[in-house]
There are 2 protein chains.
Amino acid sequence: MLALHLDGSPKLLADYPEPKRRPGEALLQTRIAGICDTDLQLVRGYMQHRGVLGHEAVADVIESEDPAWIGQRVVVDINAGCGRCPDCTNDDGHHCQTRTVLGIDGRDGVLAERFTMPERCLVRVPDSVADDCAVFAEPLAAALHVLDEIDPECVERAIVIGDGKLGLLIGLVLAQTRIAVTLVGHHREKLDLLAAHRVQALLETEAVDVLARADLVVEASGSERGLALALRLVCPRGKIILKTTTAAKTEVPLAPLVIDEIALVGSRCGDIQVAIDWLARGTLDPTPFIAARYPLTQADLALHHAGMQNALKVLVTVPHLPLPRAAQDGS
Amino acid sequence: MLALHLDGSPKLLADYPEPKRRPGEALLQTRIAGICDTDLQLVRGYMQHRGVLGHEAVADVIESEDPAWIGQRVVVDINAGCGRCPDCTNDDGHHCQTRTVLGIDGRDGVLAERFTMPERCLVRVPDSVADDCAVFAEPLAAALHVLDEIDPECVERAIVIGDGKLGLLIGLVLAQTRIAVTLVGHHREKLDLLAAHRVQALLETEAVDVLARADLVVEASGSERGLALALRLVCPRGKIILKTTTAAKTEVPLAPLVIDEIALVGSRCGDIQVAIDWLARGTLDPTPFIAARYPLTQADLALHHAGMQNALKVLVTVPHLPLPRAAQDGS
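How each quantity is defined
Residues numbered from 1 in each chain as written. Chains lettered and ligands numbered in written order. Predicted model: local features only at pLDDT ≥ 70, side-chain atom pairs only at ≥ 80, totals over all residues. Heavy atoms only, no water. Least-squares fit on C-alpha atoms with pLDDT ≥ 70 in both. Contact = heavy atoms within 4.5 Å. Pairing = 2+ DSSP bridges. Helix = DSSP H or I, 4+ residues; strand = E, 2+ residues; numbered from the N terminus. Buried < 20%, exposed > 50% of the residue type's maximum accessible area, 1.4 Å probe, protein only. Buried area = accessible area lost by both parts, 1.4 Å probe. Salt bridge = Lys/Arg side-chain N within 4 Å of Asp/Glu carboxyl O. Polar contact = N/O pair within 3.5 Å; in protein donor to acceptor, adjacent residues only side chain to side chain. Axes fitted to C-alpha atoms, helices over the stretch in contact; angles between N-to-C directions. Expected span 1.5 Å × (residues − 1). Core = buried A, V, L, I, M, F, W, Y, C linked by side-chain atoms within 4.5 Å. Parallel < 35°, antiparallel > 145°, perpendicular 65-115°, else oblique. Left-handed = near helix turned anticlockwise from the far one by under 90°. Nonpolar A, V, L, I, M, F, W, Y, C, P; charged D, E, K, R; others polar.

Trainee: So what's going on with the relation of the copies chain A and chain B? Which residues, and what values?
Mentor: Superposing the two chain copies requires a rotation about an axis and a translation along that axis. Note on the copies: chain A fits chain B at an RMSD of 0.0 Å, the axial shift is 0.0 Å, and the rotation between them is 180°. One copy is carried onto the other by what is essentially a two-fold rotation axis. Across chain A, the smallest distance between a C-alpha and the rotation axis is recorded for A:Glu251, namely 2.1 Å. When the interface residues of chain A are mapped onto chain B, 100% of them are again interface residues, pointing to one common binding face.

Trainee: I'd like to hear about the sheet that holds strand β1 (residues 3-7) of chain B, residue by residue, with values.
Mentor: With respect to topology, three strands assemble into an open sheet ordered β2-β1-β4 (chain B), the strand pairing being antiparallel. On the outer flanks of this sheet lie β2 (9-13) and β4 (51-52) of chain B, each paired with one strand and no other.

Trainee: Can you lay out the environment of B:Pro288 for me, pointing to particular residues and giving the numbers?
Mentor: Residue and element names in this part refer to chain B. Tracing the chain through its elements places Pro288 in the loop between α10 (272-281) and β19 (290-295). Taking relative accessible area as the criterion, Pro288 reaches 44% and is therefore assigned partly exposed. In sequence terms Pro288 and Cys85 are 203 residues apart; their C-alpha atoms lie 40 Å from each other.

Trainee: Explain the interface of chain A and chain B residue by residue, including any values.
Mentor: Contacts between the two partners involve 40 residues from chain A and, on the opposite side, 40 residues from chain B. Together chain A and chain B conceal approximately 3200 Å² of surface at their shared face, both sides included; 57% is due to carbon and sulfur atoms. As a salt-bridge pair, B:Asp92 and A:Arg237 come within 3.0 Å of each other at their nearest N and O atoms. Here chain A is connected to chain B by 17 residue pairs in polar contact (both at pLDDT 80 or more). Put simply, the parts of the chain that give the side of chain A that touches chain B at least two residues each are β16 (234-242), β17 (249-253), α9 (254-259) and β18 (263-266) of chain A.

Trainee: So what about the pairing of strand β10 (residues 114-118) of chain B? Which residues, and what values?
Mentor: Residue and element names in this part refer to chain B. Taken across its five residues, β10 has five buried, putting it largely inside the fold. Side-chain alternation along β10 places Arg114, Thr116 and Pro118 on one buried face and Phe115 and Met117 on a second face that is also buried. In the sheet, strand β3 (residues 25-34) pairs with β10 via five bridges, with the strands oriented antiparallel. Its bridge partner being in β10, Gln29 is matched across the sheet by Arg114.

Trainee: Can you lay out the sheet that holds strand β15 (residues 214-219) of chain B for me, pointing to particular residues and giving the numbers?
Mentor: Backbone hydrogen bonds hold the strands of a sheet together, and the pairing may be parallel or antiparallel. One open sheet holds the twelve strands; their spatial order is β14(A)-β13(A)-β12(A)-β15(A)-β16(A)-β18(A)-β18(B)-β16(B)-β15(B)-β12(B)-β13(B)-β14(B), and the pairing between them is mixed. Looking along the sheet, the strands with just one partner apiece sit at the ends: β14 (199-203) of chain A together with β14 (199-203) of chain B. In this sheet, neighbouring strand axes are inclined to one another by 20° on average, regardless of whether the strands run parallel or antiparallel. Two elements, strand β13 (residues 180-185) of chain A and β14(A), share five bridges in a ladder whose sense is parallel. What sits directly across from A:Leu183, in β14(A), is A:Ala201. Running at roughly 150° to β16(A), helix α8 (residues 224-233) of chain A makes contact with β12 (157-161), β15 (214-219), β16 and β18 of chain A of the sheet.

Trainee: Quick one: what's the story with the side chain of B:Ser267, residue by residue and with numbers?
Mentor: Take B:Ser267: it is sitting in the loop between β18 (263-266) and α10. A polar side-chain atom of B:Ser267 sits 2.8 Å from a polar atom in the side chain of B:Lys243.

Trainee: An account of the pattern of salt bridges is needed here, citing residue identities and associated values.
Mentor: When the charged atoms of two side chains with opposite charge come close together, those side chains can pair. If you walk through the whole model with that rule in mind, you get 43 salt bridges over all chains. The residue B:Arg237 makes a salt bridge to A:Asp91 at a minimum N-O spacing of 3.3 Å. In this pair, B:Arg237 sits in strand β16 (residues 234-242) while A:Asp91 sits in the loop between α2 (86-90) and β8 (100-102), so the two residues belong to two different chains. We classify B:Arg237 as partly exposed; its relative accessible area is 32%. On the accessibility criterion, A:Asp91 (42% relative accessible area) is partly exposed. Between B:Asp131 and B:Arg31 there is a salt bridge, with the nearest N and O atoms lying 2.9 Å from each other. Taken together, the residues span a long stretch of sequence, with B:Asp131 in helix α3 (residues 131-134) and B:Arg31 in strand β3 at a distance of 100 residues.

Trainee: Please set out helix α4 (residues 137-148) of chain B residue by residue, giving values where relevant.
Mentor: Residues and elements named next belong to chain B. In this model, α4 (twelve residues) spans 16 Å end to end at C-alpha, consistent with the 16 Å of a helix rising 1.5 Å per residue. By the criterion of burial, α4 is predominantly enclosed, with eleven of the twelve residues buried. Among the residues of α4, Ala137, Glu138, Pro139, Leu140, Ala141, Ala142, Ala143, Leu144, His145, Val146 and Leu147 are the ones counted as buried.

Trainee: Quick one: what's the story with the nonpolar core, residue by residue and with numbers?
Mentor: Counting residues in hydrophobic clusters, the biggest one holds 51 residues, and the most contacted among them are B:Val75, B:Leu140, B:Ile170, B:Leu174 and B:Ile276. Looking at this core, the elements that each hand over two or more residues are α3, α4, β12 (157-161), α5 (165-175), β13 (180-185), β14, β15 and α10 of chain B. Setting aside residues up to four positions removed in sequence, B:Leu140 forms contacts with B:Leu169, B:Val173, B:Ala275, B:Trp278, B:Leu279 and B:Leu284. The next biggest cluster of nonpolar side chains, apart from the first, holds 49 residues, and it includes A:Val129, A:Val160, A:Leu194 and A:Ala201.

Trainee: I'd like to hear about the packing of α4(B) against α5(B), residue by residue, with values.
Mentor: Residues and elements named next belong to chain B. α5 packs onto α4 with a crossing angle of 50° between their chain directions and a minimal axis gap of 9 Å. In this view, α4 runs oblique relative to α5, as classed from their interaxial angle. Crossing of α4 against α5: the hand is right-handed. Taken together, the residues of α5 that come into contact with α4 (itself represented by Pro139, Leu140, Ala142, Ala143, Leu144, Val146 and Leu147) are Leu166, Leu169, Ile170, Val173 and Leu174. Taken together, the residues of the contact of α4 with α5 break down into twelve nonpolar, no polar and no charged.

Laid out in structure tokens, this is it:
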């Protein structure tokens, strides 16, 4: 099958082997996929991932042991836990120590015609939510996960650092609470996307020296400078939520963290079902963040486009194909 | 008066000027003072403090606008806030932006015959609490402050890194909760001080490779390696409380913080009244941590002793002196 494969460098392969469905897993056919900054980090060597890229997708279930799944349109929680450890059975399995992670760590991703995923990771997409909207479920869940770290009743002001895709989504999410939200970025045209929303969007150059410190700062810039800026902008006893992963070590001055009693909290994936619920209610519309759309046959160009400074969400569409013989046979 | 003064290097001065009491402040006569690792950091240049050292003391109030304070034996909250800002009026003033800090930042400390402090920072010591015990109120409050950052009902296991004075106190405090506590240090003779308590005390060399990860890690070693060790020992979704301040920047790998969703929380001073309440109830006895006792005339030797590797709490005693003329005149 066709797949965008990473092995040192990313390559579009026409003859990548069909995925093999293991017990408890579904075989899925990608309808539409999104490219994330993490994909770009992976290309730069983060996680030493070798395999098919991509972890944001809307897909159709084409094989499953459970006939109720067949034909369902779904989004997926990217964390494929073992299903048996305490983290998988008592919690969401996001920290299962033997997990694989879709398109990131030990598991082929969604930038292919087909992929597999444990059925417990699937969330059905209601008919009212279009593919273009549902494809944002994974990053929206990550943005919504910020709310799991705070009590919105106790936060007065939040500053989001970074006007990338995730930063913008976090800005929109926080704007749905009673918190006063400022987003600090570098690109006026991206900041303007928040104009209709209850978010003060400022260029870093115009903002930083005049901005009062906030009790919550969300670092979503993915840059090494982001944390230093967050430390400048957070109040004593405030919280910094780190949303982005980079391979590099960062020099952190720890004394201000202690003196000002700052909490620095890492935050990764959220609950995909909650994201789909928000999209189904129409609480938030992420589709203005779509920058471009490529067919899977041009997924390499899509990745290149996503890597350009300033790029918003680049989507990759997979035309509905006749099922391959192996899948039809149910093997 | 006699005072241990820092100006680049620490010097015992016989003719240091008498402190001037400002409105709202009490004049206090030191009975006994403790030397803290922060004092040693100050000598190394931390905070660029210039002035009298020392911030742990039991003292007698010898002058105050409020006659009820005169003659009281007290301990002091080291944070002298402005008394007017929201942090001072709604909270404890520990983060007042114009605060001075006793013996640390902009305010002469307690390693002198006399010092001043705002009256709202004073806490009376009950007669049942001896000086040797009450002198631990400040570091004990800092140790107890760990409990403000956690819900002891939700933490199963805690690892305290560091067998210094603060680490040992934190071990004793956590041992009073239902949490299973392990303290990791470098000195068998210090670890043995916890033998009678509900704390598993291990040498780092024997501990680290066999120790299961814990949901709470308290970094109290003050060493640069401490945080790296804490990151190895904390569970996913766990919390690291940073209790020690150093002048140096530290390289922190941020990706594990995000991937494992760790919270790194700075923690400084606690509530002195709570510490005195614990001491008055006899919940915990810190006096086995006393290593040595020097008169103020040998405070320089006391500082040297405290700086020796392995040293526990070094105390400095100040004999009750006749009040100087200026204090008797109430100027």
